[in-house]
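Overview (structure and organization)
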Amino acid sequence: TGTGAFAQEITVSLPEIEGYVQTSNLTEITLRLKVPAEGEGATDPNAYEVTYTKRTDIPYKAKYLFEDATEAFTEDTYTGTFADTVTLSPKSALEGYVTPKDQTLLITADEASNVSTFIYTPRTDLTYTIKCVDSANTPLEFVYEGTPSENGIVTIEGATFKQSYTVAAPSIEGYTPDKAT
């Protein structure tokens, strides 16, 4: 909105609107001011309509990291429409890691903020087994950290993927272990 004299020619710069693109690709328009008609339903001859549409070329990313990493082990780039909300799913399940949940992302004009990060954490619900047998492969009964074996086996729960465990050979009366750990 502006003012001017009758029959005056004015040049109006068209605004850039974040996340939108103008369909006519003009940066300015020149108008010659006319006297508006009077009465109900009269249109303003000095009105000029410029149409903008949402950008459909805005990049957004999905980054995939391991829990203790600062750099992504991989990433995917997509293209979307301004102000759309997209649902991103993790790339795939990785053996030994908890698969992250789906994420939603609102696409903005700020490309740097259009990032969803999926963090893969090691599973902590794994088990390992301690088995003791004699030289004839006969199971030996033993107690490990208060847990009695069944058929020569104790299963330890709550192990974490990619974590090393050192297990001391259980003491079994009358036997010497071939390995101390």
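I will try to describe carefully the structure that is included in this document. None of these values were measured; they are calculated from a predicted model. (Residues numbered from 1 in each chain as written. Predicted model: local features only at pLDDT ≥ 70, side-chain atom pairs only at ≥ 80, totals over all residues. Heavy atoms only, no water.)

Formed by 13 residues in total, the largest nonpolar core has its most connected members in Tyr60, Val86, Leu88 and Phe118. At the level of secondary structure, the elements contributing two or more residues to this core comprise strand E5 (58–66), strand E7 (85–88) and strand E10 (115–122). Residue contributions to this core peak at four residues, all from E5. With nine residues, the next largest nonpolar core counts Ile130, Phe142, Val167 and Ile172 among its residues. (Core = buried A, V, L, I, M, F, W, Y, C linked by side-chain atoms within 4.5 Å. Buried < 20%, exposed > 50% of the residue type's maximum accessible area, 1.4 Å probe, protein only. Helix = DSSP H or I, 4+ residues; strand = E, 2+ residues; numbered from the N terminus.)

In this structure, Ala83 is a non-glycine residue whose phi angle is positive, near 70°. Topologically, Ala83 is positioned in the loop between strand E6 (74–80) and E7. Ala83 gets classed as partly exposed once you look at its relative accessible area, which sits at 34%. Within the chain, Lys162 stands out as a residue other than glycine whose phi angle is a positive 70°. Among the structural elements, Lys162 can be located in the segment after strand E14 (153–159).

Tracing the backbone shows Thr56 in the loop between strand E4 (52–54) and E5. Separated by 85 residues in the primary sequence, Thr56 and Glu141 place their C-alpha atoms 68 Å from one another. Contact partners of Thr56, with chain neighbours within four places excluded, come to Thr79, Gly80 and Thr81. (Contact = heavy atoms within 4.5 Å.)

For the structure on display, the rule yields nine aromatic pairs. Residues Phe66 and Tyr97 carry aromatic rings whose centres are separated by 4.8 Å and whose planes lie at 35° to one another, so their mutual orientation is tilted. Pair noted here: Phe66 is in strand E5 and Tyr97 is in strand E8 (residues 97–98), with a separation of 31 residues, a long-range link. You can call Phe66 partly exposed: its relative accessible area is 27%. A relative accessible area of 13% means that Tyr97 is categorised as buried. (Phe/Tyr/Trp six-rings, centres within 6.5 Å; stacked < 30°, edge-to-face > 60°.)

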